[in-house]
Amino acid sequence: MKNHYYVPFTKEMKKDYTILVPTMLPMHFKLIIGVLESYGYQAELLETSGPAIVENGLKYVHNDTCYPALLVIGQFIDALQSGKYDPRKTALMMFQTGGGCRASNYISLIRKALAKAGMEYVPVISMSFAGIEKHPGFRLDLPKIHGMMYAIFYGDLLMSLVNQTRPYENTPGEAEALAERWCARLAAELGRGKRISYKKVKQNYRQMLQDFAAIPKTMRPTVKVGVVGEIFVKYSPLGNNDLERFLVREGAETVVPGLADFLLYCLYNSIVDYRLYGGNALKDQVMKLAYRFLCGKKNDVIRIMKEEGSFDAPTPFEVTVEMAKGYIDHGTKMGEGWLLTAEMLELAHSGVKNIVCTQPFGCLPNHICGKGMMKPIKEKNPDVNIVAIDYDPGATKVNQENRLKLMLANAVPTEKRSHQR
Amino acid sequence: MSEVLYLGIDIGSTTAKVVLRNEKEVLFDCYERHFSQVREKTAELLERIRPLVEGKKLAFAISGSAGLGLAEAIGAPFIQEVFATGEVVKHLEPDTSCVIELGGEDAKIIFFDGGMDERMNGSCAGGTGAFIDQMATLLNVTVDELDALSEGCTRLYPIASRCGVFAKTDIQPLLNQGARKEDVAASIFQAVVNQTIAGLAQGKRIKGKVLFLGGPLYYCKGLRRRFAETLKLSEENAVFPEYGRFAVAYGASMYAEQQQERFLLDDILERIKASQGQVVLQDRLQALFENDEEYQQFAERHRKADVPHKEIASYAGKAYLGIDCGSTTTKMTLLSEENEILYSYYASNQGNPVEIVREQLLRLYELCGSRIQIAGSAVTGYGEELIKNAFSVDYGLVETIAHYTAAKYFRPDVDFILDIGGQDIKCFKIRNGAIDSIMLNEACSSGCGSFLETFAKAMGYSIEAFARQGLLGKAPVNLGSRCTVFMNSSVKQSQKDGATVEDISAGLSISVVKNAIYKVIRAGSADELGQHIVVQGGTFYNDAVLRAFERELGREVIRPAIAGLMGAYGAALYAKKCRKSSLISPESLQRFAHTAKSALCKGCTNQCHLTVNSFGDGRRFISGNQCEKGLGLGEQKESLPNLYAFKRDYLMSLPEGEGERTVGLPLALGMYELLPLWHGIFRALGFKVRLSGMSTRRTYEKGQFSIPSDTACYPAKIMHGHVQLLIKEGVDAIFYPCLTFNRDEGDTDNHFNCPVVAYYSELLQGNMEDLAKTKFLYPYMDINKPKNMAEVLLKLLNEQFGGFTKKQVASAVKAGLAAYKTYMDAVKEEGRRALAFARERGKRIMILAGRPYHIDAEIGHGIDKLATSLGFVVVSEDSVFDLAKPQKVKVLNQWTYHARLYRAARYAAEHPDTELVQLVSFGCGVDAITTDEVRSILEEAGRYYTQIKIDEITNLGAVRIRLRSLLGALEEKE
């Protein structure tokens, strides 16, 4: 249904508009920008931070709205009012999934905020694989989706490699610098706009693994800490007060499940919906196909990681799916839904016993699939050490860090991994 | 080698603790408030151990939330405080099964049985030392006095302890209505206990030997008693050790023992001193005043807004009295015929407004002598009814009207009034000489006067001195604009960063203002407020707040010199219409005596807690009642249609029926709407259907042990109690399905349930151990697809019980859906009947718009009855929404219940005789989206939007003020 303030992104706009994209995951989104550029869009990743963002969020969004909405909208308004961009030549892009969580209202809330700030003419492109609205100047077609898919797989791999290298590198900052270089290289590659050769992609995977393996490291026992939760605060340093950096500074190795799992989760939910409630059989077939295809792609990454052998590979999604059983039904599909529960279990089973479950304050789905599942998880896995951290404009770092410190104080360092060279 | 001593330093949010020991014994310990002067205090305490450590080496470690920053700054070993506690207890009392430690702002629990489990309170949880401090401030006693008072308790009132702000809203009216301080004091402790159990234990039972640690538990005997009683602990199992206050510091000293590095005392002091220069200047704001000159100009401008005063001794004739009995202060003014102020009074009501007013009246009569006759009197504010009854005041008027009357007198073209009092923020727009829209702060966001006062006290200042400090702040800290509890931790953070008291004071003033503008008024710009803004309320006496407000708006405003007296001034003006005053005579006043007793109303199942005030001469005033029954007046004269009551009666009259097997349906969340459906299905299948019934406060308490997420909404949390009840009744199965989709009513983008309504069963299954005693059935299905329902139910029931046929289940589903339709039709028909009734008799109509579960007597707190007692015909959103066209909204219209809200708002917008009042449960994330929409639908049509936020406990006094303000505004308009 058309939205009140819906402003389409026209073909003319494509020529000279800058599209601003919020940073949920720095590396992934740089690569996605690369894909967008290959199709002739001018896109820019918003990497701003600072108190003005929250201020603007509080000013233009209902204060009880979830924190990610407040941040993303605050960041957009802050950018548009900064003078750096011509608001008449700027469009905004937002990624969202849709569904029963209030997060599916982000686009509407951005538009309301824009209207309140007197910039209702700024088009907002919703990037949703469910295709919520039509923009003539921006069609999400198969080639684009294909490109973004690889952006996500590359991003996941880079993220995992940085996480597994950073605590051990002899020269601090080396892993991140290498990731930066790879990110630039891959973005350029994806930005060339040619057909993507899967052979080349796999070559890249291997090369990345070798490059990271080559970084001089000193292995030592560390505490492994898994980070799960609501998708924005889990990933975005802006949303979680730079959680990862804090954990690394405390000497921990962070383990963050990849973004591809969230995509797989969305696809899997369509399949579950059909199983539970019936519906369009053809659509179901397509979803199943897409699901199997994407699982295959992830399993290729896993296989290549195992072949190389220096790093822990993620768990196949088909295995993660099974983890939820006995805890929560796959029908729980709002927000991060059953995936959040499954991820905590997957971490626990793969030896990551310390888990931070992040959520915006008052996050509705996480009452159930996050905090609501901690008791059964701890009961069946007594060695798991979970802490729930709420993020909010008023929540302070000192309170959050104190709780994280408690979790770390209870953590038992795991021996250095055996297969590491 | 010389002896090594172990030094543990624990710096919490409010206190600093030091323990010095050797291998055998503790040599020194102390516990003192640090008033945010973390580094200074630490250095001071360390100086005290100097005689003990002369020439000896020290190993030391720091712990505590405020110690974190210090440890970082001086590079000292740090141990997390809960972990430290755990270590100490394992060492000193190895047979402990659970530790409860309450600190200044943190609450912690450690379970030792079945694997150690350490937890801290979440970010939104009161129930700590700071909370007790706040409450003591409210009662105008010290914490020790509070404790002593609690000894004399005879009954307990339910008080919310989730955050101090909520509790205040509960306590204030209790005090204003004359509840005994002894009972309130004990109730405050009980609230802390409940909070600890619900917020921390989260489903894990507290049993065995329990150790209670931390300052508040050391000092407050009353709190100890409440814990021991509530947890049913025997004397030997409730342990309050002597070292309770120092446990963390002790733990830190144990940690110090493991450290390699050794220090001399002077090394440590040196480091602390050196760290004082490191002030983080991040996240700071512009100073309120650049220089003194700027301040003088500002002060000069505001001095001009004054009213004429007249010496009371030189006046003779008629005079008019206005009383404003507010939440924390009592204000009075006496006006001459020419509206000059003859006498005024402004002071804290010290928890006993009746006594204050009595004293003042005595004094007034003395001053008036025979020269001045009090010809009229009016009272407004929280204590309006109590004072009106106690002293036979001529008029009682709602606060908003009183304030507008005063502001109008000041500035006839005023178009916006903002009043920040001790407890509330009120603001209203004026259009065409009538109040146009009223906004009051929600219970959760009261960053108001009492909030500043509490902070001032916590830092060891009077409010006046604290405000003056704020004017000097060079770089005010940015504290955000959230509720008090959050603010506490923001302040903690800034202290950690080394902010000065000046900067914190200024920062707090700015945050109060931001809270008012962005959270209560929800304005984007100054123009949205108005051209001629009058600000008032005691909080605006604080120049820092006033300046921050002007700064934030970029506009000059008027602050009358009598900012704090405006309610009383307005009341006095209002009283001028009086012909013959009935105010208590000087003679009766001499004999006046006031006693308050508590009682339980037996009028209905609600069992309201009543407070019966007697005034010596046989007159009585009863408060605390939800309806008129408790007043001893019997039934209301005229009963007005009330859809909430209709729905309750309909649902509760569904027959249980007979059957071999009993299925239990918890009457909570979505069940409130779909009960006829599930009831119909199970009856058709031959089940006996047992309902858990309407909720009471007891229902909640029965289930609170198993709530894992205390920030979920009350309607969800109360579900635990309903399920517990059904388990206890021994039903064969409990049924609450998971419904991603609600009914498709065909007018929306989608038709979801909210995540909590949809999947709460998953949470129950994971957290309620007792569910193992029965079958808990929570299938996933789509209630828009009878075939899907039948398939799912057939499979489920045959798995669980066996013996059902496909045909049987299909026809049962059909019967259920028919019953559901009959119910919804009946609701709509009754809605139409109510509308017609109102229109025939010229009654006002109120759409009390919420969710189906808001009809619950406990969740809705009887607001529907309150509305009918004020003369409204009450209809529900689901009874009238179909009379309006589908409403276009600016957001994704994807939840069934919420779509009805929009359409109901459309109906109200189109009908001048219909008002909409929206009920919002605290913590309802979806309503953050719907409220703005509903408001804009109504306001675009030039109508009032009234929102009432409800939670565990809602004080009907505040709701009454809101509804009466609405009524007052409507009357004014006519």
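Residues numbered from 1 in each chain as written. Chains lettered and ligands numbered in written order. Predicted model: local features only at pLDDT ≥ 70, side-chain atom pairs only at ≥ 80, totals over all residues.

Draft legend 1. Region of the structure containing the nonpolar core. Counting residues in hydrophobic clusters, the biggest one holds 459 residues, and the most contacted among them are A:Ile73, A:Ile110 and B:Ala572. Sort the elements by how many residues they give to this core and helix α8 (residues 181-201) of chain B lands first, with 12 residues. (Core = buried A, V, L, I, M, F, W, Y, C linked by C-beta atoms within 7 Å. Buried ≥ 20, exposed ≤ 12 C-beta atoms within 10 Å, placed from the backbone. Helix = DSSP H or I, 4+ residues; strand = E, 2+ residues; numbered from the N terminus.)

Draft legend 2. Here's a closer look at the domain arrangement of chain A. Residue and element names in this part refer to chain A. Each assigned domain of chain A is listed with its residue range as follows: domain 1 (11-139) and domain 2 (218-410). Taken over C-alpha atoms, the centre of domain 1 sits 25 Å from the centre of domain 2. With 19 residues of domain 1 at the contact, the number on the domain 2 side is 19 residues. Going through the elements one at a time, α3 (51-60) and α4 (67-81) are the ones with two or more residues in the side of domain 1 that touches domain 2. Among the elements that line the side of domain 1 that touches domain 2, the one with the most residues is α4, at four residues. The residue makeup of the side of domain 1 that touches domain 2, split by class, is 12 nonpolar, six polar and one charged. (Domains from an automatic or database assignment. Contact = placed C-beta atoms within 7 Å. Nonpolar A, V, L, I, M, F, W, Y, C, P; charged D, E, K, R; others polar.)

Draft legend 3. Broad picture of helix α10 (residues 221-230) of chain B. Along α10(B), the positions that sit buried rather than exposed are B:Gly222, B:Leu223, B:Arg224, B:Arg226 and B:Phe227. Contacts made by the buried residues of α10(B) are with α6 (143-150), α8, β8 (210-213), α9 (215-219) and β9 (238-239) of chain B.

Draft legend 4. The arrangement of the confidence of the model for chain B in detail. Averaged over every residue, the pLDDT of chain B is 86; residues scoring 70 or more account for 92%. The ipTM assigned to the predicted complex is 0.93, against a pTM of 0.86. (pLDDT = per-residue confidence, 0-100.)

Draft legend 5. Broad picture of unusual backbone geometry. Residues and elements named next belong to chain B. Backbone geometry places Ser-392, a non-glycine residue, at a positive phi of 50°. Here Ser-392 lies in the loop between α15 (384-391) and β14 (395-397). Under the C-beta neighbour-count criterion, Ser-392 is labelled partly exposed, with 16 such atoms within 10 Å. We note that His-861 has phi near 55°; this positive angle belongs to a residue other than glycine. Along the polypeptide, His-861 turns up in the loop between β26 (844-849) and α32 (863-869).

Draft legend 6. Spatial organisation of the interface of chain B and chain A. Across the contact, 60 residues belong to chain B and 62 residues belong to chain A. When its residues are assigned to classes, the side of chain B that touches chain A shows 24 nonpolar, 23 polar and 13 charged.

Draft legend 7. Examining the sheet that holds strand β4 (residues 124-127) of chain A more closely. All names here are of chain A. Here we have four strands laid out as an open sheet, ordered β2-β1-β3-β4, and parallel in their pairing. Looking at the sheet topology across the chains shown, the edges are occupied by β2 (42-46) and β4. Neighbour to neighbour, the strand axes of the sheet diverge by 30° on average, direction disregarded. Of the pairings in the sheet, the one linking strand β3 (residues 90-95) to β4 comprises four bridges and is parallel in character. (Pairing = 2+ DSSP bridges. Axes fitted to C-alpha atoms, helices over the stretch in contact; angles between N-to-C directions.)

Draft legend 8. Quick peek at the sheet that holds strand β18 (residues 533-536) of chain B. Residues and elements named next belong to chain B. Strand order in this open sheet of four strands is β17-β16-β15-β18, and the pairing throughout is mixed. Across the chains shown, the open sheet's two edge strands, defined by having one partner strand only, are β17 (434-440) and β18. In this sheet, adjacent strand axes meet at a mean angle of 15° when their direction is disregarded. Note: strand β16 (residues 425-431) against β17, six bridges, orientation antiparallel.

Draft legend 9. Examining the packing of helix α6 (residues 142-165) of chain A against helix α11 (residues 259-277) of chain A more closely. All names here are of chain A. Direction vectors running N to C along α6 and α11 enclose 135°, while the axes themselves pass 8 Å from each other. Looking at the two axes, α6 sits oblique to α11. Across the interface between the two elements, Ile-152, Phe-153, Gly-155 and Asp-156 from α6 touch Leu-259, Ala-260 and Leu-263 from α11. Here the residues of the contact of α6 with α11 sort into five nonpolar, one polar and one charged. (Parallel < 35°, antiparallel > 145°, perpendicular 65-115°, else oblique.)

Draft legend 10. Molecular detail of the pairing of strand β6 (residues 107-111) of chain B. Residue and element names in this part refer to chain B. Taken across its five residues, β6 has five buried, putting it largely inside the fold. Covered by surrounding structure in β6 are Ala-107, Ile-109 and Phe-111 together with Lys-108 and Ile-110, the residues of both alternating faces. Where strand β5 (residues 98-102) lies against β6, five bridges are found, and the strand directions are antiparallel. If you follow Val-99 over to β6, its bridge partner there is Ile-110. The turn linking β5 back onto β6 is made up of four residues. The pairing of β6 with strand β7 (residues 117-120) spans four bridges and is antiparallel. The partner of Lys-108 across the bridge, within β7, is Met-120.

Draft legend 11. Focus on the environment of B:Val917. For B:Val917, the position within the fold is in strand β28 (residues 914-921). Residues B:Val917 and B:Ala849 lie 68 residues apart in sequence; the distance between their C-alpha atoms is 6.0 Å.

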